[in-house]
Amino acid sequence: METNTILDVRDLNTWFYTDEGIVKAVNGVDFSIPESTTVCVVGESGCGKSITAQSILNLVEPPGKIVSGSITYRHNDGREVDIVQLKPKGRDIRAIRGKEISMIFQEPMSSLGPVNKIGDQLVQTMLLHLDIDKDEAVKQSIALLDRVGIPKAASRMDSYSFELSGGMRQRVMIALALSCNSRLLIADEPTTALDVTTQANILDLLKELQTDYSMSVMFITHDLGVVAEIGHEVVVMYLGQVVERASVEEIFERPLHPYTEALMKSIPKLDFDSHEKLSSIRGMVPHPFARPPGCPFSDRCDYCMPEKCLTANPPLEEVRPGHWVRCVKYESMGEV
Amino acid sequence: MWWRFRKHKVALVSGAIVLLIYLVALFAEFLAPALPDAHARDYLYAPPQKLGLRVETEAGSRWQLHVNGYTVFMNREALRREFTLNPDHIIPVRFFAKGAPYKLWGIFEMERRLIGPVDPSEPFYVFGADRLGRDILSRVIYGTRVSMSIGLVGVFLSLVLGVLLGGISGYFGGPVDEIIQRIIEFLRSIPTIPLWMGLAAAIPRTWSPLQVYFAITVILSLVGWTGLARVVRGRFFSLKTEDFIISARLNGSSQLRIIIKHMVPSFMSHIIASVTLSIPAMIISETSLSFLGIGLRPPVVSWGVLLQEAQNIRSVSAAPWLLMVPAFCVIIAVLTMNFLGDGLRDAADPYNT
Amino acid sequence: MGRYIIKRTLMMIPTLVVISIVSFVIIQLPPGDFLTSVVANLEDQGQTVDSATLAALQARYGLGRPVHVQYWRWVSGIILRGDFGRSFRYNRPVADLIWSRLGLTFVISFTTLIFTWVVALPIGVYTAVKQRSVGDYIATFIGFIGLAIPNFLLALVLMYIAFRYFNQSVGGLFSPDMIDAPWSFAKVVDLLNHLWIPVVVLGTAGTAGLIRIMRANLLDELKKTYVMAARARGLSEWTLLRQYPVRVALNPFISTIGWSLPTLVSGATVTAIVLSLPTTGPLLIEALKAQDMFLAAAFIMMLSALTVIGTLVSDILLAIVDPRIKYANRG
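For clarity, every value in this text was computed on a predicted model and none was experimentally measured.

So, how was this worked out
Residues numbered from 1 in each chain as written. Chains lettered and ligands numbered in written order. Predicted model: local features only at pLDDT ≥ 70, side-chain atom pairs only at ≥ 80, totals over all residues. Heavy atoms only, no water. Patch = residues over 30% accessible without salt bridge, like charges linked within 9 Å, V, L, I, M, F, W, Y side chains within 5 Å. Areas by Shrake-Rupley, 256 points an atom, 1.4 Å probe, with all protein chains shown as cover. Salt bridge = Lys/Arg side-chain N within 4 Å of Asp/Glu carboxyl O. Helix = DSSP H or I, 4+ residues; strand = E, 2+ residues; numbered from the N terminus. Buried < 20%, exposed > 50% of the residue type's maximum accessible area, 1.4 Å probe, protein only. Contact = heavy atoms within 4.5 Å. Buried area = accessible area lost by both parts, 1.4 Å probe. Nonpolar A, V, L, I, M, F, W, Y, C, P; charged D, E, K, R; others polar. Pairing = 2+ DSSP bridges. Axes fitted to C-alpha atoms, helices over the stretch in contact; angles between N-to-C directions. Polar contact = N/O pair within 3.5 Å; in protein donor to acceptor, adjacent residues only side chain to side chain. Core = buried A, V, L, I, M, F, W, Y, C linked by side-chain atoms within 4.5 Å. Domains from an automatic or database assignment. 1 Å grid on protein atoms, 1.4 Å probe; cavity = no way out; pocket = protein on both sides within 12 Å on 5 of 7 lines; lining within 4 Å. Points joined across faces, edges and corners; volume = space filled by probe spheres on them. Phe/Tyr/Trp six-rings, centres within 6.5 Å; stacked < 30°, edge-to-face > 60°. Lys NZ or Arg CZ within 6 Å of the ring centre and 35° of its normal.

Notes on a nonpolar patch on the surface
Then, in step 1: Together, Leu19, Leu20, Leu23, Leu26, Trp105, Ile107 and Phe108 of chain B make up a nonpolar patch on the protein surface, roughly 720 Å² of accessible area in all.
Then, in step 2: At four residues, helix H2 (residues 9-26) of chain B tops the list of elements feeding residues into the nonpolar patch.

Printed below as a string of structure tokens:
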């Protein structure tokens, strides 16, 4: 593991054992998160992005289970720990959650305790992980609420979440995530449920905080516009697998995988010709029990070569420096 | 809905048992070995006989469905007769035995019954006898008819009231809804048993058993409809804003047509589940009232009436079958109905526990 | 908060009025007016009824006057003088007969409520957290049985078992030598010794119901994001459960006091008759059977009023515990 990497996910498999059969929500995912970097994970709904995020904190609930693979977290002092090996309810993983890695969720409406005061939740988290007393925790909480842009922070300590707007709640969630100076922030579609203006404000805030605290962010989204704005690196996922991985500039300049390419085409552009039709990706994400054989994207792919694509799933290969793709088009191509 | 229901094995088995219980209620006359009020002075408090399959004789053992006769002796201390089973006295038993004539459903004259002693004058008390020497098994079977039907009829009445008022409440909303909701709240806030007791006590003693039967069902449903009305109202409210209802309205369908064609079918399954869950409550209510002596009265036989006769703890300790047999019936009926209703409800609405 | 309490209390008044009307209607239901029963009763006791007494009684209860006048006399007597009328059977004022029995009914109902809570809360939480475990299935099964057995049947079976196997009679709330004794520590102990049977009988169904409610509510809450969010902050499972989902799931639990009270009082009535407890049940049914209607109406009205007040208390309690309700009622 390279020294500037703080999280390394190797061949992660998280499966759901449902009554109807096994759903391979995460099916052999590899990627890593370098220090002080924002990595965006992109893909349509149902691609396993959220489950990957939950796996990183070992939060996957039954019937889901991490079946194999490793998630290596590198502490500040260089100590490495494989999160997969920790007991999901044990002391060791709890010391990482909220302290080293924290998480914010898609629905700000339901991710705060509904009958708990905002201040109590902040103070509780700080007292749990930091070596400070209650007065200090209250003081820091107020400062933090102020920092994330909540007006009259001190008086908001006694508010309940239902008294706040969606944007404010998400700010509180961010404050909670920052409360113990964690080094990695997992943001699971944090702006999806918000209206457009609030979305932009929250994105600006996250971007600003990332630089200020020089933390790493794993940002899950299906919106490539967001990626362009805040991302450093991009991981494209499809049906539980990483299909392409590269820096933001590279991805936007040279999308290689047909899926990434299709995603790109579906973004409206400023120089958009009104006679041209905005393209959308053909078909939909297949049902988990109806995965096509071979390459999972083959049934929606414009370049599908039946004899190759339907027989085997190609491996994820580095076809340019730092640019990895999983597609037969670039097989043994080396440099493009 | 059906395939989801099938996943509930317990509910499925319960459904089969419920069906069985209703079949017993339907064919009570044929299934009961004796008439419910046929008494026998020689067999007061006779204990249950065991149904045997093989008979040991000097010539070896042979297959013969039978029960054993009784030996009677006088317990001078307790001043009552006591029975023991006499292993030497074999009473042959057969299916479709002839017994006292009866009318099935009050129409068809019949003599044969499902099971009975070959010689009708011999005692046959598989579940024992009561203080008048009446067969508990037969009485329980006849009681099934009354107790189970009172549940059905009562629920039917509550359903009519509940769907009507709940539907009105939910469809029109506004002040109408407000008034009906207040009434429901009021009815739910008063303890039912004292209210029922008050109403039931007002039934004139001179009424015929049939009149009392209907009066009791009406009294039970007077309070029972509120639960159903709430379900219906809730469904109406949520359906009113559903796209398919709105589009039907925009298409110019009449209100009645919307209700009958679109809304009723979509909450039918909920109604069925709620009804199934209301029946056991009705059964318990009837049983409780009859037990207290203000519900159904002899000569009508219901489970509650049977339990009322088991009220005296001294006679029960001498003849526990008086209590155990009807109690078992009530518990099984209520339990299976509950399981069935739960299964139906889960199947109708898997996201709402 | 104060405004909310006042609002709820005012809303209770019409309900109480309707309850009094219903109770009055019940007095009126039996054929013949109750003076006939009084006369019959007095004559049974070998007394002759002179016309002066009759006229006095008639005037007192406004008999022969329009129904609404009778109702007003009855109700104003209760409100202004605490006069519930006279029991014809006991030939005493109803007020003398009902209070101690209502008190004991309240004690039994309240104790049962506490009992159901103490038992149902931990079991409900356990079954939700350990969903589909053996313990869950056992609790669910016992819960179903608890719901399926009518109170009086459970009482009968318990009595039978106690009588048959322990050779003791379990009826009543006091030992024979304690019944008329003045209140003392020994009498309280004696009461507690007898109290547990009706409490178990009454509480079983309620406990089963509450376990199901708690389990269902908590299962709903456990699915919500805030639970995972709290877990993602590193809270231990126990702290997390206690401070987040259980607190939310507790609210419907508290509101169950409201609807469990009518059921409890109902159950207490039947159970009391079976176990011959000195509470309202046996006297109420006697009064109903003998058509001693003032006594019966007083019981029906007071029992109903008791539950309505109980519901009010639970609503206020709920508003204190759940900040969201206060919020919704602030405007």
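Concerning helix H10 (residues 258-265) of chain A
One full turn of an α-helix is made of 3.6 residues, so residues set three or four places apart face in the same direction.
Residues and elements named next belong to chain A.
Then, in step 1: With seven of eight residues buried, H10 lies mostly within the body of the structure.
Then, in step 2: Those residues of H10 not exposed but buried are Pro258, Tyr259, Thr260, Glu261, Ala262, Leu263 and Met264.
Then, in step 3: As for H10, its buried residues are in contact with strand S3 (38-42), helix H8 (224-230), strand S9 (233-238), strand S10 (241-247) and helix H9 (248-253).

Let's talk about the interface of chain C and chain A
Then, in step 1: Contact with chain C, which involves 22 residues of that partner, is made by 29 residues of chain A.
Then, in step 2: Surface buried jointly by chain C and chain A totals about 2,400 Å² across both partners, of which 62% is contributed by carbon and sulfur atoms.
Then, in step 3: Of all residues in chain C, Met228, Ala232 and Arg233 of chain C bury the most surface against chain A, accounting for 27% of the area lost on that side.
Then, in step 4: In this structure, glutamate 61 of chain A and arginine 231 of chain C form a salt bridge, with 2.8 Å as the shortest nitrogen-oxygen distance.
Then, in step 5: Residue assignment for the side of chain C that touches chain A shows that the elements contributing at least two residues are helix H9 (225-232), helix H10 (237-243), helix H11 (245-274) and helix H14 (323-328) of chain C.
Then, in step 6: Taken together, the residues that form the side of chain C that touches chain A break down as nine nonpolar, six polar and seven charged.

Focus: the sheet that holds strand S6 (residues 101-104) of chain A
All names here are of chain A.
Then, in step 1: Spatially, the eight strands line up as an open sheet ordered S6-S7-S8-S3-S9-S10-S12-S11, and their pairing is mixed. Both outer strands of the open sheet, S6 and strand S11 (317-320), are each paired with one neighbouring strand and no more. Going from strand to strand, the sheet's axes swing by 20° on average, the running direction of each strand aside.
Then, in step 2: The pairing of S10 with strand S12 (residues 323-325) spans two bridges and is classified as antiparallel. From the neighbouring strand, arginine 245 faces S12, where its bridge partner is tryptophan 324.
Then, in step 3: Sheet contacts for helix H1 (residues 49-56): S3, S6, strand S7 (184-188), strand S8 (216-221) and S9; angle to S8, the most-contacted strand, approximately 150°.

As for unusual backbone geometry
Residues and elements named next belong to chain A.
Then, in step 1: Looking along the chain, the bond that leaves proline 62 and enters proline 63 is cis, with omega of 10°.
Then, in step 2: One can find proline 63 in the loop between H1 and strand S4 (64-74).
Then, in step 3: Within the chain, asparagine 181 stands out as a residue other than glycine whose phi angle is a positive 50°.
Then, in step 4: Following the sequence through the fold, asparagine 181 ends up in the loop between helix H6 (166-178) and S7.

Some remarks on the interface of chain B and chain C
Then, in step 1: At the junction of the two partners, chain B supplies 41 residues and chain C supplies 41 residues.
Then, in step 2: Carbon and sulfur atoms make up 80% of the surface buried where chain B meets chain C, a total of about 3,700 Å² over both sides.
Then, in step 3: Joining chain B to chain C, the criterion identifies zero salt bridges.
Then, in step 4: For the interface between chain B and chain C, the tally reads zero residue pairs in polar contact (both at pLDDT 80 or more).
Then, in step 5: For the side of chain B that touches chain C, the secondary-structure elements that each account for two or more residues are helix H5 (174-189), helix H6 (192-201), helix H9 (255-292), helix H11 (313-318) and helix H12 (321-348) of chain B.

Things to note about the nonpolar core
Then, in step 1: Met197, Ile216, Leu296 and Trp303 of chain B together with Trp74, Phe84 and Ile98 of chain C are the most contacted members of the largest nonpolar core, which has 137 residues in total.
Then, in step 2: By size, the runner-up hydrophobic cluster in this structure holds 99 residues, among which are Val148, Leu185, Val236 and Ala262 of chain A.

Some thoughts on the pairing of S7 of chain A
Residues and elements named next belong to chain A.
Then, in step 1: With five of five residues buried, S7 lies mostly within the body of the structure.
Then, in step 2: Of the two faces of S7, the one holding Leu184, Ile186 and Asp188 and the one holding Leu185 and Ala187 are both buried throughout.
Then, in step 3: Strand direction decides the pairing type here: S6 and S7, joined by four bridges, are parallel. Considered in S7, the bridge of isoleucine 104 is made with alanine 187.

Considering the pattern of salt bridges
Then, in step 1: Counted by the stated rule, this structure contains 17 salt bridges over all chains.
Then, in step 2: Between aspartate 77 of chain A and arginine 79 of chain A there is a salt bridge, with its nearest N and O atoms 3.5 Å apart.

Brief notes about the domain arrangement of chain B
Then, in step 1: According to the domain assignment, chain B consists of domain 1 (49-124) and domain 2 (141-348).
Then, in step 2: Relative placement of domain 1 of chain B and domain 2 of chain B: their C-alpha centres are 40 Å apart.

Some remarks on the sheet that holds strand S5 (residues 80-82) of chain A
Residue and element names in this part refer to chain A.
Then, in step 1: Sheet architecture is open: four strands sit in the order S2-S1-S4-S5, paired in antiparallel fashion. Looking along the sheet, the strands with just one partner apiece sit at the ends: strand S2 (21-34) and S5. Direction aside, the axes of adjacent strands within the sheet are offset by 5° on average.

Quick look at the side chain of glutamine 124 of chain A
Then, in step 1: Summarising the element assignment, glutamine 124 of chain A is placed in helix H3 (residues 118-129).
Then, in step 2: Take glutamine 124 of chain A: its relative accessible area is 14%, and that puts it in the buried class.
Then, in step 3: Among all residues touching glutamine 124 of chain A, those that are not within four sequence positions of it are Leu235, Thr239, Gln243 and Tyr244 of chain C.

Regarding the pairing of S9 of chain A
All names here are of chain A.
Then, in step 1: In terms of burial, S9 is largely enclosed, as five of its six residues are buried.
Then, in step 2: Sheet topology note: the S3/S9 ladder contains four bridges and is parallel. Residue pairing in the sheet places valine 41 in a bridge with valine 235 of S9.
Then, in step 3: When S9 meets S10, the two strands line up antiparallel, connected through six bridges. Bridge pairing links valine 235 to arginine 245 in S10.
Then, in step 4: Taking the residues that link successive antiparallel strands as the turn, the S9-S10 hairpin has two residues, and the phi of leucine 239 there is positive, at about 50°.

Regarding empty space enclosed by the protein
Then, in step 1: For the structure shown, the criterion picks out seven cavities of 30 Å³ or more.
Then, in step 2: Residue composition of the lining of the largest cavity, by class: ten nonpolar, two polar and one charged.
Then, in step 3: Size it by volume and the second largest cavity reaches roughly 70 Å³.
Then, in step 4: Together, Gly98, Ser102, Met103, Thr125, Met173, Leu176 and Ala177 of chain A together with Ala229, Ala232 and Arg233 of chain C line the second largest cavity.

Digging into the packing of aromatic side chains
All names here are of chain A.
Then, in step 1: Inspection of the entire model under this criterion finds seven aromatic pairs over all chains.
Then, in step 2: Centre to centre, the rings of tyrosine 238 and tyrosine 259 are 4.6 Å apart; their planes meet at 55°, and the pair counts as tilted. Residue tyrosine 238 is located in strand S9, and its partner tyrosine 259 is located in helix H10; the two are separated by 21 residues in the primary sequence. Grouping residues by exposure puts tyrosine 238 and tyrosine 259 together as buried.
Then, in step 3: In this structure an aromatic cluster arises from ring pairing among Tyr238, Tyr259 and Phe297.
Then, in step 4: In this structure, lysine 24 packs its charged tip against the face of tryptophan 15, placed 4.7 Å from the ring centre.
Then, in step 5: Just above the ring of tryptophan 324 sits the side chain of arginine 245; from NZ or CZ to the centre is 5.2 Å.

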